[in-house]
Amino acid sequence: MQYNKLGHSGLLVSQFALGTVPFAGKAGFEKTGNVDAKEARRFIDIALDYGVNMIDTADLYSMGGAEQVVGDALGDKRDSVILTSKARSPLGDDPNNSGASRYHLIRACEASLRRLKTDHIDLYQIHNWDGVTPVEETLRALEDLVKSGKIRYFGTSNYTAWQMMKTLGCAEKYNLLKPISQQIYYTPESREAEYELLPMARDQDIGTLVWGPLGEGLLTGTVRRNVKTPESSRQGNGWPEPYVHDMEHAYNVIDVLAEVGSELDASVAQVCLAWLATRPGITSLLIGNRTEAHLRDNLAAVDLVLSDEQRQKIEQVTRPAPQYPYWHRFTSGMDRLDAAEKPFLDEHRQTIDNRKDLSVK
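Residues numbered from 1 in each chain as written. Predicted model: local features only at pLDDT ≥ 70, side-chain atom pairs only at ≥ 80, totals over all residues. Heavy atoms only, no water.

1. Quick notes on the pattern of salt bridges
And then number 1: On inspection of all chains with the given rule, the structure shows 27 salt bridges.
And then number 2: The closest approach of N and O atoms between D122 and R78, which form a salt bridge, is 3.1 Å. With D122 in strand β6 (residues 121-126) and R78 in the loop between α2 (65-74) and β5 (82-87), this pair connects stretches of sequence that are 44 residues apart.
And then number 3: Note on D122: relative accessible area 11%, which makes it buried.
And then number 4: Notably, a salt bridge pairs E143 with K147, separated by 3.4 Å at the nearest N-O pair. Taken together, the positions of E143 and K147, both in helix α4 (residues 135-147) and four residues apart, correspond to about one turn of that helix.
And then number 5: Each of R191, E194, R279, E315, R319 and E347 takes part in salt bridges that share partners, so that together they form one network. (Salt bridge = Lys/Arg side-chain N within 4 Å of Asp/Glu carboxyl O. Helix = DSSP H or I, 4+ residues; strand = E, 2+ residues; numbered from the N terminus. Buried < 20%, exposed > 50% of the residue type's maximum accessible area, 1.4 Å probe, protein only.)

2. Regarding the environment of Q204
And then number 1: The residue Q204 is located in helix α6 (residues 197-204) in this model.
And then number 2: Residues in contact with Q204, not counting those within four places in the same chain, are H8, M165 and L168.
And then number 3: A distance of 2.7 Å separates a polar atom in the side chain of Q204 from a polar atom in the side chain of D203. (Contact = heavy atoms within 4.5 Å. Polar contact = N/O pair within 3.5 Å; in protein donor to acceptor, adjacent residues only side chain to side chain.)

3. Structural notes on helix α1 (residues 37-49)
And then number 1: Taking 1.5 Å per residue as the helical rise, α1 with its 13 residues ought to reach 18 Å, and the 18 Å between its terminal C-alpha atoms agrees with that figure.
And then number 2: Those residues of α1 not exposed but buried are A37, A40, F43, I44, I46 and A47.
And then number 3: In this fold, the buried residues of α1 make contact with β3 (16-19), β4 (54-56), α2 and α9 (292-299).
And then number 4: The N-capping residue of α1, defined by a side-chain oxygen 3.3 Å from the backbone nitrogen of K38, is D36. (Expected span 1.5 Å × (residues − 1).)

Right under this line is the structure:
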């Protein structure tokens with residue numbers, strides 16, 4: 001297992017981490033799985049054996065149920081893992097039982113600590129942007145939680161790049177602690193994060209944790225062209241995520257992942273994870289499974305090595321179209337590319353150059 005520094009902190013986290021969306025399976029999360037404390041304990045043992053040192057959860061998952069299962073399952077292994085959770089999501093009808101206000105965050109953190117049966121959370125993440133609460137209020141509440149010892153570090157989840165930059169700018173202005181990480185959705189089928197989020201994180205030394213790297217079951221091999229998706233899977237039982245704009249493109253991506261998998265005697269899921277793990281700026285991939293077999297299959301991707309040709313084959317079929325102002329950098333002959341975004345711009349350049357070659361012919 002490889003360990004990567006998490007942003008501008010000194011924290012080292014495993015390249016793969018254990019996600020807990022399938023834990024508990026209640027209060028709207030029934031379709032994601034129903035892993036109980038006994039199974040979770042087994043999953044944690046397996047993950048630790050593979051070198052995983054981080055477990056990620058949230059108060060939203062099963063409305064606290066996932067945290068409860070994690071707390072029951074960890075036992076004396078609490079100090080063997082970096083434990084992360086999240087807050088901000090609406091947890092009831094009370095309008096103050098939501099958001100990133102001081103009132104809500106401190107209450108939510110204390111409730112998570114009780115469910116997790118621990119006295120601190122190693123990484124506490126704001127689950128989504130709060131467009132009402134002043135950023136300064138959120139940052140001061142998080143800093144107070146750090147100073148009280150209830151959390152060690154904090155990060156964000158599902159922010160846009162401008163929202164993260166506003167947060168970082170506010171922290172700089174008021175001399176407050178800064179977030180060390182972002183948790184985002186990023187898959188071979190959905191590479192929008194490359195436009196702004198990943199370059200921003202590379203530039204600002206923000207760690208990137210990827211949730212749903214297998215597309216919430218879309219890229220596990222259960223979804224195939226002209227084949228009915230099993231109802232026992234998340235994509236076959238009506239779970240609403242992810243949003244897929246172009247299903248034909250998704251099938252093309254799955255076809256190439258399967259093709260590379262057949263070359264390496266590996267599963268579609270393993271190829272997907274192995275490719276994502278090598279992308280610029282990725283700190284850790286969060287894998288959440290409902291069965292031990294799936295967990296072991298995913299973790300085995302740690303040892304899967306793709307050739308340069310195989311990585312390029314996947315990149316080419318999954319490459320997002322250059323958007324403005326990215327394509328304009330090349331059509332106008334701009335030089336001095338920023339190192340934080342250069343890996344992604346180089347791929348855009350290939351698309352533009354190929355288009356030019358075709359137009360000449």
